[in-house]
Amino acid sequence: MGYSLGVRDSIMIAHSFKGAEFGPAQGVHGATYTVDCEFSSLNLVPGSNWVVDIGKALEVLSDVLSVYNYKNLDDLEEFKGQNTTTEFMCKVIHDKVSWRMKEHVTGDLKITLHESHKAWASYSGSIQST
């Protein structure tokens, strides 16, 4: 896709996983995620010549992440019975940012959660239209 614009924030969470395949991560542990939010579009918005208003994108990303920051995800009702893996959380954040930004941008959105300099996950999809 032609143009892209990214914004970044971070969150600190705690969680645990169910299933022997998770080994020691079955116990409660923390993660500090760097969260990249990248909007892409074939065209710039006429007049402003941008993909999206950076200020609005930063505001929405911060608002979405604030629900999870400094929280144990195991305690949140929306995640009961779920393994809140990095991949899973990418989709959750994508859907919430997409919903909030649908009036402000068209195209696609990619959310990337960086666990460290060695590991990250992403989810990409269309921005939900009205």
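Above: the structure in question.
Residues numbered from 1 in each chain as written. Predicted model: local features only at pLDDT ≥ 70, side-chain atom pairs only at ≥ 80, totals over all residues. Heavy atoms only, no water.

### Topic: the sheet that holds strand β4 (residues 108-114)
And step 1. Spatially, β3-β1-β2-β4-β5 is the arrangement adopted by the five strands of the open sheet, whose pairing is mixed. Two strands lie at the open edges of the sheet, namely β3 (71-72) and β5 (120-126), each paired on one side alone.
And step 2. Running at roughly 20° to strand β1 (residues 3-15), helix α1 (residues 54-66) makes contact with β1, β2 (29-41) and β3 of the sheet.
And step 3. Across the sheet, helix α2 (residues 86-101) lies against β2, β4 and β5, angled at about 35° from β5, the strand it touches most. (Pairing = 2+ DSSP bridges. Helix = DSSP H or I, 4+ residues; strand = E, 2+ residues; numbered from the N terminus. Contact = heavy atoms within 4.5 Å. Axes fitted to C-alpha atoms, helices over the stretch in contact; angles between N-to-C directions.)

### A word on the pattern of salt bridges
And step 1. The final tally for this structure, using the stated rule, is five salt bridges.
And step 2. R8 is the partner of D36 in a salt bridge, and the nearest nitrogen-oxygen pair spans 2.5 Å. On the criterion of sequence distance, the pair formed by D36 in strand β2 and R8 in strand β1 is long-range, its members being 28 residues apart.
And step 3. Overall, the relative accessible area of 54% leaves R8 in the exposed class.
And step 4. Note that D95 and K91 form a salt bridge whose closest N and O atoms lie 2.6 Å from each other. Of this pair, D95 and K91 both sit in helix α2, four residues apart, which is roughly one turn of the helix.
And step 5. By relative accessible area, K91 is classed as partly exposed at 32%. (Salt bridge = Lys/Arg side-chain N within 4 Å of Asp/Glu carboxyl O. Buried < 20%, exposed > 50% of the residue type's maximum accessible area, 1.4 Å probe, protein only.)

### With respect to the nonpolar core
And step 1. Grouped together as the largest cluster of nonpolar side chains are 32 residues, with contacts concentrated most on F39, Y68 and V97.
And step 2. For this core, the secondary structure elements donating two or more residues are β1, β2, α1, α2 and β4.
And step 3. For F39, the residues in contact, after removing those within four places along its chain, are Y3, S4, L5, V51, V52, A57, V97, M101, V105, D108, L109 and I127. (Core = buried A, V, L, I, M, F, W, Y, C linked by side-chain atoms within 4.5 Å.)

### A few points about the state of the cysteines
And step 1. For the structure shown, the criterion picks out zero disulfides.
And step 2. In this structure C37 is not part of a disulfide, and its nearest cysteine sulfur, from C90, lies 11 Å away.
And step 3. According to the relative accessible area criterion, C90 is buried, its value standing at 0%. (Disulfide = S-S within 2.5 Å.)

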